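Residue-level structural notes
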Amino acid sequence: MPSRSIELPQGTLDLLILRTLALKPLHGWAVSERIQQISSDLLRVQQGTLYPALHRLVRRGWIKAWGTSENKRRAKSYELTKAGRRQLEIERDAWEKLTAVVSQILRTA
Amino acid sequence: MLVHDLLIRLRTLFRRYAAESELDDELRFHLERQVAKYVKSGMSESEAVRRDRLEFGGLDQVKDECREARGISFVETLVQDLRYTTRTLLHSPVFTSCGVLTLALGIGANTAIFSVVNSVLLNPLPYPNPQELLAGRPNDSRPNLEDIQRLTNSFASSGGVNITPMDFTGNGEPVRIHAAYVDAGLLATLGVQPMLGRSISADEDVKGGPRNVVVSYPFWRDFLGSDPRVLGKSIRLSGNTYTIIGVMPSGFALPKEPADIFVSLWVAYPDAASERDVHFMHTYWRLKPSVTPAQAQAEVAQVDRRLAEQFPDSEKGRGTLLVPLHEWLVGNIRPALLVLFGAVGLVLLIACANFAMLLMARSVARQRELMIRASLGARNSRLIRQRLTESTLLALFGGAAGLVVAKIGTTFLVALKPAALLRFTAIHMDLRVFLVVFAISLLTGLLFGLLPAWSAARGDIAEALRENARATGSGASRSLLRNFLVTAELALALILLVGAGLLSKGFLHLRSVNPGFNPTNVMTIYLQLPATRYPEIPLETNFRRQLLARVNALPGVEAAMISDLPLAGNYVGHRVVIDGRPTPAVGTEPEVQTLSVMGDYFCIMQIPIRAGHDFRVTDREGEPLVAIVNESFVRQYLPDQNPVGSRIDWARRDEANKWMTIIGVVGDVKHSGLNQPVDPAVYAPFSQNDEAWRRFMSLVIKTDGPVAGLVEDVKKQVWSLDNQIPISDVQSMDDLVVFSVAQQRFNMLLLGIFAVLALTLAGVGIYGMIAYRVNQRTHDIGVYIALGAQHRDVLRLIIKDGIKLTFLGVVLGLVGAVALTRLMVSLLFEVKPTDPATLIAVALLLAAAALLACYIPARRALSIQPITALRCE
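What comes next concerns the included structure.

Analysis parameters
Residues numbered from 1 in each chain as written. Chains lettered and ligands numbered in written order. Predicted model: local features only at pLDDT ≥ 70, side-chain atom pairs only at ≥ 80, totals over all residues. Helix = DSSP H or I, 4+ residues; strand = E, 2+ residues; numbered from the N terminus. Buried ≥ 20, exposed ≤ 12 C-beta atoms within 10 Å, placed from the backbone. Contact = placed C-beta atoms within 7 Å. Axes fitted to C-alpha atoms, helices over the stretch in contact; angles between N-to-C directions. Parallel < 35°, antiparallel > 145°, perpendicular 65-115°, else oblique. Left-handed = near helix turned anticlockwise from the far one by under 90°. Pairing = 2+ DSSP bridges. Nonpolar A, V, L, I, M, F, W, Y, C, P; charged D, E, K, R; others polar.

As a further point, take the overall build of chain A. Broken down by element type, chain A carries four helices and three strands. Beginning at the N terminus, the succession of helices and strands in chain A can be written as α-β-α-α-β-β-α. The burial tally for chain A puts 27% of its 109 residues in the buried class. Sequence separation of 24 or more characterises 53% of the internal contacts of chain A that already satisfy a separation of 6 or more.

Shown next as structure tokens:
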């Protein structure tokens, strides 16, 4: 299984988190599960990078967190803010442009 | 955005505990969900937990990064580190107190001595634009000063001053004060205006001008009751009435001269003011802004040449040398200053080395702990920050303690009141100096806190967790550095000890110098007769004779008089001619010290009579002139003739010779200082004196032991003759001797304090090193003892390194001392800077101290029980 997973390029984790949260608020574990699920287990988000990334996004004001309670345990749900939605669009555009350019070069060069 | 960011930072900072527990909950929730998922997929519970942990990585590390991502980490970690550090510092009191003590002594002592030296030598002069001020050397006369002022263009202004005692009467007991005889230019040259009123103007500074006086602030405060309406009031000075026209501000002082009041020389002492050959004024010059000292010097030299041509009698061979004022003030203390600065630097080096060594030993001792924490996910930067927090905190504590030591030290040094410092009444602990010294030790703390932290953080975790984290590979280079530091400390301490030893030896030599008289039980009192009431010599002689008769009539008292007491700082010299010799050219006659006496002075002072006899009662006015010379006089001028019966006279230009017959030769007396050569001297009776201005005298009073009320009784006798004569400078001859070596004593004490400080610090250093090694090798020593090693073997094992380093330190120190102590030659009295006895004694002392410092921890090693040593792993 480890051989199947892909290293995430620098900076893409933020984009994935924003995209994941765009559908509905989730807590940290669910975010990682969802990314893993959608990528058919190809992408595995290390918790060691996930949580710092979540906290960083909170600080930038792109997502916000509130306490929820699940199984009598306080968990934290994250939700996209307006600024986060804008940021998601910006980053998505940038990403698409980048990948398009990169694949074009790979095809033609 | 920015505000939002700040709000989050602040909120999380205030809700730190809540935020922490939230983070805990969040991560734990994650772990639980993951485990639950694995279990659901068919894993056993324990397998799931293991897998989960493995995947998640270091929990602490994640938390750390989350905190950092949240962006409050700087303040938060600082608070955390501070709490952690305070706790660990309190848990190791020996380490902490050693560190704080080292820094306190290093910072404190250095600040104290630096403050004193700084106030005395480095502070800018208390005059505006001090760089423009020059002092003229040697002293000059009023007419010369006037000519130079008139004929030069380089100076914005200039002035001269002569300090002469005056009597201030009218407020209870008469008081002798220091009067500054000035010209109108002096105060303006120094650039200080009176606080009240005005200074003496040029048109008042003439012969027969109004008797006006400007008083100093202390005089105004002490004798005039700080009266704000004092201007225009009159005071009595030496029998004349002066009108107060100004009060100088507090803190004002002449560059070198003590002065209570300022009067015009032309008004107060016209006879001297008009004489071109009375070279008695200190002169000060203020350059015009665009003129360099060299240009001014050239111009003055031109005038000097003209004066020499015009007045060869008094001016030939004279020339004015202009010296920057600051240089003139501190020039003669400069060697002492250099040596003290050197000492300060050395002690600071030693203290820093000690501090560095402490930090290194500590970091090695804690390396294992650090590595474990690193393996638990603490990041390098974090560990380094923690070490830095510790060394910085320690430096701060040390600095605070140093502040206290500095404060006490400064007070102590000022209380010692060395002669050279007497003038400087306002010596404070200098905050700037403190900050500089403190910054240096802080930097040391940072640097040496960083070095080991860096290598500890880099260290191999696996290695640390291996069975024992003790003597590991990286230890070798560090122990080399430590050895170097210990050796350097010992060497530096030795240099200081040698310096102190040499000064002490010189001082002992100085104290054992025979002054040529016996000061025991001799009391001295200085008197000066005012010219107004004693204008002529017979009146003076009459007063002296009556006073001596009355004092000698007191029970158990013998008294005599002399014009200038030995070691009291006054000196009158005259040129002499010797009967039967060709008359030397004018201005080249030998110059000798001249003293006047009355009564059995030589007998009271126990100055031996080497040939001939003492003065007799019949040697008085109207009788043949007689003189007694000292042995130096005979050696220098009458080496091959019988001095007794030879005739001498003062070299005079305008009178026929009045020969004095030498009737006796007395032993040499140290007059200018115990370390100064004795000048040829001529003693003559006061009653045969022909200089009316010799109105001053000191009574020397010998008793069998301390006599209560003696001084009061003598004062009564003086005032029964004349109740307006001030009595001051009541001193025992013993005190005069002690006072004359005060500067040397101060030098010795200071360097001694430094040397003891250095010795202590170096001792602590080597002690710390050996103690640390014993700690580190408890296990090995236990095994060694278990294998049957004798006490001797264990001692040798422990002390071997100490001895090696001590030896090396001593050798290097001796080399350094020989190189450096040459700089203090001028401070040493009859001791060579390479005095072998001092070098050997000091080397032995240092070696003994170092070995003692090694022995204490080594003895602890002896008491190690093999079982405990092995078990403690």
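Back to the text.
As a further point, take the overall build of chain B. Along chain B, the regular secondary structure elements total 30 helices and 21 strands. Across the 873 residues of chain B, 40% fall into the buried class. Partitioning the intrachain contacts of chain B with sequence separation of at least 6 by distance along the chain shows that 84% fall at a separation of at least 24.

Residues and elements named next belong to chain B. Two elements in contact, helix α26 (residues 742–776) and helix α28 (residues 791–820), have axes separated by 10 Å at closest approach and are oriented at 155°. Considering their axes alone, α26 and α28 lie roughly antiparallel with respect to each other. Of the two elements, α26 crosses α28, and the hand of that crossing is right-handed. Between α26 and α28, the residues in contact are I766, I770 and V774 and I798, G802 and L805, respectively.

Now for the pairing of strand β2 (residues 155–170) of chain B. Residues and elements named next belong to chain B. Across six bridges, the pairing between β2 and strand β9 (residues 281–287) is antiparallel. Bridging across to β9, S157 finds its partner in R286. Relative to strand β3 (residues 172–182), β2 runs antiparallel, the two sharing nine bridges. Paired with N162 across the bridge in β3 is Y181. Both β2 and strand β6 (residues 234–237) contribute to a ladder of two bridges, which runs antiparallel. Looking at the pairing, F168 lines up with L237 of β6.

All right, on to the packing of α28(B) against helix α29 (residues 836–862) of chain B then. All names here are of chain B. Where α28 meets α29, the closest approach of the two axes is 9 Å, and the angle between their N-to-C directions is 155°. Between α28 and α29, the crossing angle belongs to the class labelled roughly antiparallel. In this structure, α28 meets α29 at a crossing whose hand is right-handed. Contacts between α28 and α29 pair H791, V794, L795, I798, I799, G802, T806, V810, L814 and A817 from the former with L839, A843, L846, A847, A850, L851, C854, Y855, A858, A861 and L862 from the latter. Tallied by class, residues from the contact of α28 with α29 come to 18 nonpolar, three polar and no charged.

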